[in-house]
Each structure stands twice: as structure tokens, then as C-alpha cells.
Amino acid sequence: MTRASAAYERLSLAMIDNPPECSGLDLFTADDLSSDDVDVCASICATCPLFDLCSQYAEIDRPKAGYGPGNDTAQTTSKRRKRTNG
Ligand code: SF4
């Protein structure tokens, strides 16, 4: 078992007893987020009982899309504009 799969398994098991608020919310899997969207996601994550496990998984696996703690790949409109315009 890889470190990433072990971290994902720990997170998945914890989700059984603590379904996170992000579950089923399109905002957390959207390709493009406004800064207001990011603020909403951040506020949900800030009170999530799974925050530490989720952060550990994200730190190891570095998800390529979606919003999550430590996932700086979440694309916001402003970040995309800065990259495009330099
Ligand atoms: S910390 Fe955020 S992204 Fe992770 S499970 Fe909780 S609500 Fe979802």
C-alpha cells in the first residue's frame, strides 16, 4: 500500500462516521472557482472534523483538481487571469 492510498483509506474510513459537508457539493469539484467560491469552501473546511486527515491525504497525493485543504491547484478565476496575463 502506498502512503497516498493509506492516507486515502484513513480518510475514507473516517468519512463513514463523519460525512463531510463537501460531499456532493459541486463547488468542491468545479474547474473554476471565484474568490467568493473559495471563501465558501474554506469556511466549510475550517469546521470539518476530517480536516487533518484530508490535509494529510492532500499533502501526499496532491490532487490535480478540486478544492481541499492544502490543495493549491484549485483554480480560481483570479489565479487563472494572473497566469494568462502574466
Ligand atoms: S476538509 Fe474540506 S475537502 Fe476535506 S473532507 Fe472536510 S469539507 Fe471536505
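Residues numbered from 1 in each chain as written. Predicted model: local features only at pLDDT ≥ 70, side-chain atom pairs only at ≥ 80, totals over all residues. Heavy atoms only, no water.

**Regarding the nonpolar core**
Working step 1: Listed in full, the 7 residues of the largest apolar core are Phe28, Leu33, Val38, Cys41, Ile44, Cys45 and Tyr67.
Working step 2: Beyond its immediate chain neighbours, meaning those up to four positions away, Ile44 contacts Glu21, Cys22, Leu25 and Phe28. (Core = buried A, V, L, I, M, F, W, Y, C linked by side-chain atoms within 4.5 Å. Buried < 20%, exposed > 50% of the residue type's maximum accessible area, 1.4 Å probe, protein only. Contact = heavy atoms within 4.5 Å.)

**Points about the site of the ligand**
Working step 1: Lining the immediate surroundings of the ligand are Pro20, Cys22, Phe28, Ile44, Cys45, Cys48, Phe51, Cys54 and Pro69.
Working step 2: Among the secondary structure elements, those contributing two or more residues to the shell around the ligand are helix H2 (35-46) and helix H3 (51-61).
Working step 3: Here the residues of the shell around the ligand are counted per class, giving 9 nonpolar, no polar and no charged. (Near = heavy atom within 4 Å. Helix = DSSP H or I, 4+ residues; strand = E, 2+ residues; numbered from the N terminus. Nonpolar A, V, L, I, M, F, W, Y, C, P; charged D, E, K, R; others polar.)

**Considering the packing of aromatic side chains**
Working step 1: As enumerated under the stated definition, the model contains 2 aromatic pairs in all.
Working step 2: Ring geometry for Phe28 versus Tyr67: centroids 5.9 Å apart, planes at 75°, classification edge-to-face. Of this pair, Phe28 sits in the loop between helix H1 (3-17) and H2 while Tyr67 sits in the loop between H3 and helix H4 (77-85), and the two are 39 residues apart along the sequence.
Working step 3: Residue class for Phe28 comes out buried when judged on its relative accessible area of 6%. (Phe/Tyr/Trp six-rings, centres within 6.5 Å; stacked < 30°, edge-to-face > 60°.)

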